[in-house]
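Chains, contacts and geometry: an overview
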Amino acid sequence: KICVDGGFTCPNRDGRCGVGGCIFCGERGAGEHLDPTKSIREQVERGLRATTGDCILYFQNFTNTYAPPEVLRARYDAALIDPRIRVFDVGTRPDCIDEAIADLLASYQDRCEVWVELGLQTANDDTADRIRRGYHRDAFERAMRLLAARGLRVIVHLIVGLPGESEEQIRATADYLSGFDLFGLKIHSLYVMEGTALAGMFRRGEYTPPGKDEYVRAVCDLLSRTSPDTVIHRLTGDCPDGLLLAPEWSKNKNEVLAAIRERMEREDLVQGKFYRKKGL
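A short tour of the structure in this document, coming up. (Residues numbered from 1 in each chain as written. Predicted model: local features only at pLDDT ≥ 70, side-chain atom pairs only at ≥ 80, totals over all residues. Heavy atoms only, no water.)

Considering all chains together, one arrives at 25 salt bridges under this definition. The shortest N-O distance in the salt bridge between Arg225 and Asp175 comes to 3.9 Å. With a gap of 50 residues between them, Arg225 in the loop between helix H8 (212–224) and strand E8 (231–234) and Asp175 in helix H6 (residues 167–177) connect regions that are remote in the sequence. Residue classification places Asp175 among the partly exposed residues on the basis of a relative accessible area of 29%. (Salt bridge = Lys/Arg side-chain N within 4 Å of Asp/Glu carboxyl O. Helix = DSSP H or I, 4+ residues; strand = E, 2+ residues; numbered from the N terminus. Buried < 20%, exposed > 50% of the residue type's maximum accessible area, 1.4 Å probe, protein only.)

What follows is the structure in structure tokens.
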């Protein structure tokens, strides 16, 4: 995977729907490991030099459909420079998908596979307001309809451990997603990162992250309610080096994955065991 900083910002930062971003988002918008001083082409060329095989090209940080279509096309074309790029993967927000942007994304399907990653985090609008997400789930539903109509593959991001979110609400999010044909799912642990609004909440005693057992239990619930045809792309999150405030257990990714596997086996759970497809 070649991760790219496309030079975008976010409507939840520039005032269109908010400022400061979601409470867990840092100043680099999940791009702390990327080099914004390099052009898009330079970033891709560096990634290509590091591999001899096929690649996923991932526009990762901030909102990578937040610009007019002609700007988006220029930046996408600057990245899709090699036939080894077999997947074009765009991270974005549901409220930044419209007809013209969906058409643009679909236009690349004759060159490579196209994935669209949508940061839903939760289907609960009260929680969404609490984390300052900046849109409600009707925007997600509209984006899903636009993308599905064009045959685009969608990966949805969920976060476990959001402030005030109960295990029942996490299960409700999984059941809500059963109304959509998802290509993929990324499950993240909510970690407290230095420089975020969440860090201030943590220091003031207004937020306590879940323990490892609580997180593992919630992930297993999600998996058991997720379609067996959905590809699980991630089961926990990684905080950039030197910025993690809590929880400490999130540093030990292999231990978390092992605990998820052990609980699934012990509870006789498999992905999709409690999945029931439903319409909206």
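This part takes up the side chain of Gln43. Looking at the element boundaries, Gln43 is found in helix H1 (residues 40–49). In contact with Gln43, other than residues within four places in its own chain, are Ile2, Cys3, Val4, Asp5, Asp35 and Lys38. (Contact = heavy atoms within 4.5 Å.)

Let us look at unusual backbone geometry. Residue Ala246 is joined to Pro247 through a cis peptide bond whose omega torsion reads -5°. The residue Gln121 is not glycine, and still its phi comes out positive at about 75°. Note on placement: Gln121 falls in strand E4 (residues 113–121). In this structure, Arg132 is a non-glycine residue whose phi angle is positive, near 60°. With respect to the helices and strands, Arg132 occurs in the loop between helix H4 (125–130) and helix H5 (137–149).

On a regular strand, one side chain projects to one face of the sheet and the next to the other, so that they alternate. Counting buried positions over the six residues of strand E6 (residues 184–189) gives six, a clear majority of the element. Every second residue of E6 is oriented toward a common face, with Gly184, Lys186 and His188 on one face and Leu185, Ile187 and Ser189 on the other, all of them buried. The pairing of strand E5 (residues 153–160) with E6 spans six bridges and is classified as parallel. Bridge assignment links Leu158 to a residue of E6, and that residue is Ile187. Regarding the hand of the β-α-β motif, the stretch spanning E5, H6 and E6 is right-handed. Direction of pairing for E6 relative to E8: parallel, over a ladder of three bridges. Directly across from Leu185, in E8, lies its bridge partner Ile232. (Pairing = 2+ DSSP bridges. Right-handed = clockwise from strand over helix to strand, strands pointing away.)

For the rest of this paragraph, the subject is the packing of H8 against helix H9 (residues 253–266). Between H8 and H9, the shortest axis-to-axis distance is 9 Å and the interhelical angle comes to 55°. Taken as axis vectors, H8 and H9 run oblique relative to one another. Crossing handedness for the pair H8 and H9: right-handed. Mapping the contact onto sequence places Lys212, Tyr215, Val216, Arg217, Val219, Cys220 and Leu223 in H8 and Glu255, Val256, Ala259, Ile260, Arg263 and Met264 in H9. Of the residues that constitute the contact of H8 with H9, the class distribution is nine nonpolar, no polar and four charged. (Axes fitted to C-alpha atoms, helices over the stretch in contact; angles between N-to-C directions. Parallel < 35°, antiparallel > 145°, perpendicular 65-115°, else oblique. Left-handed = near helix turned anticlockwise from the far one by under 90°. Nonpolar A, V, L, I, M, F, W, Y, C, P; charged D, E, K, R; others polar.)

For the rest of this paragraph, the subject is the packing of aromatic side chains. Applying the stated criterion across every chain, the model contains ten aromatic pairs. Ring geometry for Tyr76 and Phe88: centres 5.0 Å apart, planes at 70°, overall edge-to-face. Of the two residues, Tyr76 sits in helix H2 (residues 69–79) while Phe88 sits in strand E3 (residues 85–92), which places them twelve residues apart along the sequence. Considered together, Tyr76 and Phe88 belong to a single accessibility category, that of buried residues. Pairing Tyr215 with Trp249 gives two aromatic rings, centres 5.3 Å apart and planes at 40°, and the pair type is tilted. With Tyr215 in helix H8 and Trp249 in the loop between strand E9 (244–246) and H9, this pair connects stretches of sequence that are 34 residues apart. The pair Tyr215 / Trp249 is uniform in exposure class, with both members buried. (Phe/Tyr/Trp six-rings, centres within 6.5 Å; stacked < 30°, edge-to-face > 60°.)

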